[in-house]
Each structure stands twice: as structure tokens, then as C-alpha cells.
Amino acid sequence: MDISIVGSGYVGLVTAVGLASIGHRVVCIDVDGSRVDLINRAEAPFYENGLAEALRTHVRDRGALRASLDYSEIADSDITFICVNTCSNSGQNADFRQKHIKEATKKIGQSLASKRDYHTVVTKSSVVPGTTEKIIIPLLERYSGKQVGTDFGVAVNPEFLQEGRALQSFLNMDRIIIGEYDARSGSMTQGVYNGSRAPVLRTKMRTAEMIKFASNAFLAAKISFINEIGNLCKKIGVDVYEVADGMGLDPRIGRAFLNAGIGFGGSCLPKDLEALLRKYRETGEKAPLLSAVYNTNKSQPLRMVEVARARLGDLKGKRIGVLGLAFKPHTDDIRNAPAVEVIRQLLAQEARVVVYDPKAMPRVRELFHEQVEYEDSVAGAIAGCDCILIVTEWSEFKDENLFAGKVVIDGRRALDPDKASLVCQSYDGVCW
Ligand code: UGA
């Protein structure tokens, strides 16, 4: 198939590479000229495990993927995936939040005006339930002058990619959810994944949108749940990781997403949870459980600073090394990263902060400028520090001997507590 992808951010570009790798011809449409140039030179605009290599294969060697600024190219494709950023910031109003998706949809509509054949438009960005019916379809009809169901089809096909292993997640999907305007739209969308062995569930459009939000809210709930259990476990001398292992043996519970620590970050779980809570407020429904999931996560990173204070006393003037800044390993993404909150707290308490991350340093510099010191190796960040905080579990930190004689606080269970307790001056887990 000829596929156009609107928006070549994280979701768009990974989806584009994934679709090219299963045999489609893909064009990424973006408004950012420098991003388009980078993709056409087979260079990755951000770090994601395996992305640079995949771009070289599909852009340069096979010619199956390219990028363009020209929205009119949409009319030459069979199906369009909307993958634009659905930014959500609690302070922004609904109009602002929907700005990108509305602009992209308007331009898709305009380019469909000249198309004679049937076309399908698929929402892949995570949008609150009802968005495709209430916003996307009316805009497509208005700007194309055509009618949904007759001239074009619409579907919702949420993405379930995990940063850091996104290309693997794409090639080994555990489910394909398709919310369809009608059967033709759904079948056209399902056809894109011909050959995949993943189970397919076809639903109404708003159901598919809700499946995405409910899934992320559930994962967030698992994390806040185990963190809350961990906070008590620490007080009463129980290892929360053993508790999680024991709980996880029950297949109804499962071990995944029960790794206690400083909580969830990233562009997805926090943002989707906020959007869902907003939807509850708009509809007058209460969500005490999901609100608690959110609040528990907000306070969890601060515990790390509390543990540091318990060890060192006043943090003013103390040199604190922060290891790992990305919200999780194998990405350079620092959006809503717990490290950012930890650094802010340390700075508020007038500590001297030294940071190191294998991939995210440029992004942290954009945020903290001269407020913190930057080191280019683990050893450099550890040397001369009064205390080391491990905030992201990059594999290069997982060596207890690196921390010999140091005061260490581990937010991610990067180290083995028994081994670390032997070699470190002191070793504390955030909730173990
Ligand atoms: C998440 C979902 O896992 C994906 O299924 C979904 O497609 C994606 O959001 C999205 O909506 O696009 P992602 O944000 O890439 O994926 O990262 P996760 O692997 O879910 O991790 C999120 C955060 O939770 C990280 O900060 C991680 O360190 C933390 N986490 C995860 C824990 O604290 N404990 C765990 O047991 C697991």
C-alpha cells in the first residue's frame, strides 16, 4: 500500500519505519523542514533504539520511506495515519491542546478535496474518547467537501509502542485495536497489518480511543500501587521486589509493571492520565482511584530527596550526582522525567548538582543550562560527590563496584541491594 503519515515525531516516525519494514511505501508529512531533511538523509531526529539503522535501511537502501513538507502528497496515498503530537498540559485550554490535530486534519481534508478515489484516514495519536467523531470527521468533511462513509473512511488505531523498544513493539504487536466508522474503513485499516499474527479487535471509534486511555491508566495504576506498597515495605523491613515477585506469580496479577521506584514519567502515562482525569471532570464523574494514582506518582520522586536528607542532613552546598535523566533507559526523552523533578528539588535546597546520562544530556542542557554541572561519564559524575542518586536504570550504572565507598540512593533498583550494601558507604532504595 501507499501510506502517508502526518507528523514524524516519535509515534509517526516509528510507525513509518515499522510500516516500511513490512513492505509498504511510506511518506512522512511534516511541517518542520529540518526534520524532513534529516529523515531524507536517513538521520534520526531523536534517539530511539535501532531507529538510526532502520532509517538507513528503509530510506537510503530500499527507498521505501521518505519525508515531505507537501500535504498534497496525501492524495497519492491509499491511507493516512494521523500521528501528530497531542500535547496536553494541565494549564492549557482545550483549543490549544487540540491545535496540532485540528491543523493537521484541516490540511488532510484540503488535500483529499482533489482525490477521486476512496481514501481512509486513521487516528493513531492518542486522543480523548469522542475526538475522532466530534472533531476529526467534521473537519475532514468541511475541508474536503466530501462525505464520510461514501467518499472516505475513518478509523482509530491506537499505538501501544513503548519507547526504548518501540521498533520491537511494532514488529511484535500483542494486539491491533481498530475503531471503525464503518466496516470498509476498518477492513482497509486492518489490511495494513496483513501478515501480522496479533489478535485484532474491531470496535466503535470512541471505544478504541478509550481502550488506549484505559490501558495507560491501568499501567500507571500498577506502578503507583506497587510504589505505595513499597513505601510501607521500606518502613517495616520488607523487600517490595520480593513482594512483587510473589504477587506476579498469580497470572491474574502478572509481574509486569510492578517495579517499585520513583514513579512513571514520559510523554504518555502522565499525559494520558491527566487527559482522562480532565474528561472525568468535564462529565461530572468522580475518579478517586485514578486521582490517587496521579497524586502518588507526583510525590514519589520527592521521596528520593527525603532519603538523601535523612542520610546527609541539610543538602545546602552538598555535591549530589544524578545518574540517569531520561524517563527510562534506551531513550533520550526527558518529558515528565522523574529526574527533572528530583533536580528541581535539589536546586531548591541549594545542593550542587552534577548530572550524567548516556543519551539525554543535550535535552537536559536545554532545560537547566548553567544551573547544574554536566559530566560526560559515570565515573566523572560519581567522583567527589557527597551522594549519588540513580534515577534511570541504564545498564552502564548496574555495577555495584562503581559506587565503592559512596553514599548511594537508588530510585530504580539498578543495583543489587545486598552487593551494594557491602561496597557502598551506605545504600538506600527509595522504597526498599
Ligand atoms: C507507555 C505504555 O507502556 C505503552 O504501551 C504506550 O503505547 C505508550 O505509553 C504510549 O501511550 O505511547 P512508555 O511511556 O514508552 O509507554 O513507557 P513505559 O515502559 O510504559 O514506562 C513509563 C514509565 O513508567 C517509565 O518512567 C518507567 O520507568 C516507569 N515504570 C515502568 C515503573 O516505574 N515501573 C514499572 O514497573 C514499569
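As shown above, the structure is provided for reference.
Below: a short report on this structure. Computed from a predicted model, the values in this text were never measured in an experiment. (Residues numbered from 1 in each chain as written. Predicted model: local features only at pLDDT ≥ 70, side-chain atom pairs only at ≥ 80, totals over all residues. Heavy atoms only, no water.)

**Observations concerning the sheet that holds strand β10 (residues 352-356)**
Condition: Note: two strands are recorded as paired if DSSP finds a minimum of 2 bridges between them. A run of H or I in DSSP becomes a helix once it reaches four residues, and a run of E becomes a strand once it reaches two; helices and strands are each numbered from the N terminus. The contact criterion used throughout is that any non-hydrogen atoms of two residues lie within 4.5 Å. Note on geometry: axes are C-alpha line fits, over the in-contact stretch for helices, and angles between N-to-C directions span 0 to 180 degrees.
One open sheet accounts for six strands, arranged β11-β10-β9-β12-β13-β14; its pairing is parallel. The open sheet has two edge strands, β11 (373-374) and β14 (426-429), and neither has a second partner. Relative to β11, β10 runs parallel, the two sharing two bridges. Bridging across to β11, Val354 finds its partner in Glu373. Of the strands in this sheet, β9 (319-323), β10 and β12 (387-390) touch helix α13 (residues 338-348), which is tilted by about 160 degrees from β10.

**Quick notes on helix α6 (residues 131-144)**
Definition in use: By this rule, a helix spans an expected 1.5 Å times one less than how many residues it contains. The rule is simple: take the accessible area with a 1.4 Å probe, protein chains only, and divide by the maximum for that residue type; under 20% is buried, over 50% is exposed, in between is partly exposed.
For α6, built from 14 residues, the straight-helix expectation of 20 Å at 1.5 Å per residue is met to within 8% by its first-to-last C-alpha distance of 18 Å. Residues of α6 that are buried include every one of Thr131, Thr132, Ile135, Ile136, Ile137, Leu139, Leu140 and Ser144, and no others. One or two positions beyond α6, positive phi appears at Gly145, with a value near 70 degrees.

**Some words on the packing of aromatic side chains**
For the record, the criterion: Each aromatic pair joins two rings of Phe, Tyr and Trp (for Trp, the six-membered one) with centres within 6.5 Å, and gets the label stacked for planes under 30 degrees apart, edge-to-face for over 60, and tilted for any other angle. Placement of a charge over a ring requires the Lys NZ or Arg CZ to be within 6 Å of the ring centre, with the centre-to-atom vector within 35 degrees of the ring normal.
Summed over the entire model, instances satisfying the criterion amount to four aromatic pairs. Geometrically, the ring pair formed by Tyr241 and Trp432 is edge-to-face, given 5.4 Å between the ring centres and 75 degrees between the ring planes. On the criterion of sequence distance, the pair formed by Tyr241 in helix α10 (residues 240-248) and Trp432 in the segment after β14 is long-range, its members being 191 residues apart. Note on accessibility: Tyr241 and Trp432 belong to one class, buried. Note that Arg175 overlies the ring of Phe160, its terminal NZ or CZ placed 3.6 Å from the centroid. It is Arg365 that lies over the ring of Tyr374; its NZ or CZ is 4.3 Å from the centre.

**Focus: a nonpolar patch on the surface**
Worth spelling out the cut-off: Like-charged residues are merged into a patch within 9 Å and nonpolar side chains (Val, Leu, Ile, Met, Phe, Trp, Tyr) within 5 Å, provided each residue has over 30% relative accessible area and no salt bridge. Only the protein chains shown count as cover for residues, and the accessible areas themselves come from Shrake-Rupley with a 1.4 Å probe. Every case where a carboxyl oxygen of Asp or Glu lies within 4 Å of a side-chain nitrogen of Lys or Arg is listed as a salt bridge.
Together, Leu232, Ile236 and Val238 make up a nonpolar patch on the protein surface, roughly 270 Å² of accessible area in all. One can find Ile236 in helix α9 (residues 205-236). Exposure remark for Ile236: the relative accessible area of 55% places this residue in the exposed category.

Note that all results are geometric; they support no functional claim without further evidence.
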